[in-house]
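# Close look at the chain arrangement
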Amino acid sequence: MAHLPVMRAARVQCGVVGKCRTTRAFSTSMVHKIPDRTSTTASRKDMTFAMRALAHSGVVQIKWTGCSFLDGDFLMLSKSDCHATHMSPLDTVKVSVEDLEKSFYDAKTDESNTIASVLEKHPKALLHYALHKLSGRSCCIVVNNLQSSWLAAQKEYRDRDCLPAWELQCAMFAQPGDIPSLDIHHADALMPSSSTRFDEPSQHAKSMYLKTMKGCILPNYATAVFGSNVMETTVKAMYLDYAIRAMQSIYATGGRDTVEEIPAAECARLNTLWDTSAHYNGLEELTMLRSKMELPQWWDKMELIEYEGGNPDELQVVAASDLAPETVIGLVGGRVFPDPTKYTIRLATNRHLHMSDGHGSSGTSVFTRINHSFTPNLRCTPMPESEQVEFRALRRIAKGEPLSFDYTTTEEPLLASPFVDLETGKPVGMP
């Protein structure tokens, strides 16, 4: 199998063919817990779904709109160079909190080596981390689009900390402290300003720290929205965008001086409903958007997760639901090359498929993270006529079970990146 040089399980980036940075083993009988989409944890697929939803709802207009989730030792972010409409779970990245904290220390002591290293790889990481620290929330979506730029350009709203309650979505952000203006500069590599320090928020920010801040206006003509989980925050970002569009329409039609605001008591009642009632959690909107997203065939069948206690760049694929025998997991296409690599699957003589998740997404497919096994639960069938491969369940597969196929069933005797199978000790693809 011309895939990553692994020892039975670990699908990791390797610098030398045939040698790995890890020999982490996995068990085909191990079952992993899959996070719920409304829980206080987040998966790479959750973030992918969120960015696709924001793109299809018109919130994402340029690449700098992004989502982040702070969970323990890592900050997970959507990559800035991905196409949100066709985003893949591999278009996410994790940055260690330790590196981010070092970057803040460097910013205050003018030692910029760590900052340069972090920003070069993840240009949005420090901005998102600063916003997490100020808001005290797990999820943050920074929106750069025409609506956010328009709101940030209105001095009236930079000087107040909420929107006018002109209609229902505006009312969601019309409570005092809902949308303050924060002095956090992305372009300056997040050097602390005189009014806002990331480790010591201003008194104004402290007063909003855990209670009222739903979002903020940023000085680079962007907005940010905060929440406890990815789906909640996604819906809030959509509602804020709709609220700004409504304000723009009122301005454009000359109705600003005649519009009647929703009474304060009604605003408070509506916000209580939005904050506490499951009927108003916005998931119905996401369900409606899902039909527009053209999600791949494998979406409800596979989940991309990390090895427990391992490097966040080491990923494996597990079943996202219970799968019946003969279930087609996916038909995967990509680009055909004349020579094999550690990432390709052989279609025919001198024809090797580098699998991709589709136009606009990561150049590599999540299927490249499926591990090898001599007792697999999937069968991989090359389809040279259509330049695809089919992955099909060989037996019943339990939700959370790692997915695997036998690399030797698709390749020639020698693999581009041979390895030793940890479970059996057998060489795979070696002379």
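In this text the structure is predicted, and so the values were computed from the model without any measurement.

### Focus on unusual backbone geometry
Phi is positive for Glu326, close to 70°, though the residue is something other than glycine. Within the fold, Glu326 resides in the loop between strand E8 (315-319) and strand E9 (328-332). Glu326 sits in the partly exposed class, given a relative accessible area of 41%. Despite not being glycine, Glu387 has its phi angle at roughly 55°, a positive value.

### Considerations on the packing of helix H9 (residues 230-252) against helix H11 (residues 283-290)
The contact between H9 and H11 brings their axes to 9 Å, and the two run at 85°. Taken together, the axes of H9 and H11 are roughly perpendicular relative to one another. In contact with Met231, Thr234, Val235, Met238 and Tyr239 of H9, H11 contributes Leu283, Glu285, Leu286 and Leu289. In terms of residue class, the contact of H9 with H11 is built from seven nonpolar, one polar and one charged.

### Observations regarding the sheet that holds strand E10 (residues 334-337)
Strand order in the open sheet formed by three strands is E10-E12-E11, and the pairing between neighbours is antiparallel. The sheet terminates laterally at E10 and strand E11 (344-348), the two strands that pair on one side only. Adjacent strand axes in the sheet meet at a mean angle of 35°, parallel and antiparallel pairs treated alike. Pairing between E11 and strand E12 (residues 351-355): four bridges, direction antiparallel. The residue bridging Thr344 from the neighbouring strand is His354, located in E12.

### Focus: the confidence of the model for the chain
Across the chain, the average pLDDT comes to 80, with 78% of residues at 70 or higher. When the criterion is pLDDT under 50, residues 1-27 qualifies, and its contacts beyond four places in sequence or with other chains add up to 110 contacts. Throughout residues 186-210 the model reports pLDDT below 50, and contacts reaching past four residues in sequence, or to other chains, amount to 47 contacts.

### Let's talk about the packing of aromatic side chains
Under the definition given, this model contains seven aromatic pairs. Ring plane angle 50° and centroid distance 5.9 Å describe the contact between Trp166 and Tyr251, whose orientation is recorded as tilted. With a gap of 85 residues between them, Trp166 in the loop between helix H6 (155-158) and helix H7 (168-171) and Tyr251 in helix H9 connect regions that are remote in the sequence. A residue is classified by how much of its surface remains accessible, and Trp166, at 11% relative accessible area, is buried. Each ring, one from Tyr407 and one from Phe419, has its centre 5.9 Å from the other, and the planes form 80°; the classification is edge-to-face. Taken as a pair, Tyr407 in the loop between strand E16 (404-405) and strand E17 (419-420) and Phe419 in strand E17 lie far apart in primary sequence, 12 residues in all. One exposure class covers both Tyr407 and Phe419, and it is buried. A network of ring pairs unites the aromatic residues Phe367, Phe391, Phe405, Tyr407 and Phe419 as a single cluster. One cation-aromatic arrangement involves Lys426 over Phe374; the distance from NZ or CZ to the ring centre is 5.1 Å.

### What about the sheet that holds strand E14 (residues 378-383)?
What the three strands build is an open sheet, ordered E9-E15-E14; its pairing is antiparallel. At either end of the open sheet lies a strand with only one pairing partner, and these are E9 and E14. Within this sheet the neighbouring strands show an average axis-to-axis angle of 15°, counted without direction. By the bridge criterion, four bridges tie E9 to strand E15 (residues 388-393) in an arrangement that is antiparallel. Bridge pairing in E15 links Gly330 to Phe391.

### A word on the environment of Pro431
Along the chain, Pro431 falls in the segment after strand E18 (427-428). Overall, Pro431 belongs to the exposed group, its relative accessible area being 95%. Placed 13 residues apart in sequence, Pro431 and Pro418 show a C-alpha to C-alpha distance of 9.0 Å.

### Observations concerning the pairing of strand E4 (residues 139-143)
Among the five residues in E4, five count as buried, and that is most of the element. A two-sided burial pattern is seen for E4, the buried positions comprising Cys139, Ile141 and Val143 on one face and Cys140 and Val142 on the other. Bridging between strand E1 (residues 66-71) and E4 involves four bridges; their strand directions are antiparallel. Paired with Ser68 across the strands is Cys140, a residue of E4. With five bridges connecting them, E4 and strand E6 (residues 222-227) associate as antiparallel partners. Among the inter-strand pairings, Val142 is bridged to a residue of E6, identified as Ala224.

Thresholds applied
Residues numbered from 1 in each chain as written. Predicted model: local features only at pLDDT ≥ 70, side-chain atom pairs only at ≥ 80, totals over all residues. Heavy atoms only, no water. Helix = DSSP H or I, 4+ residues; strand = E, 2+ residues; numbered from the N terminus. Buried < 20%, exposed > 50% of the residue type's maximum accessible area, 1.4 Å probe, protein only. Axes fitted to C-alpha atoms, helices over the stretch in contact; angles between N-to-C directions. Parallel < 35°, antiparallel > 145°, perpendicular 65-115°, else oblique. Contact = heavy atoms within 4.5 Å. Nonpolar A, V, L, I, M, F, W, Y, C, P; charged D, E, K, R; others polar. Pairing = 2+ DSSP bridges. pLDDT = per-residue confidence, 0-100. Phe/Tyr/Trp six-rings, centres within 6.5 Å; stacked < 30°, edge-to-face > 60°. Lys NZ or Arg CZ within 6 Å of the ring centre and 35° of its normal.

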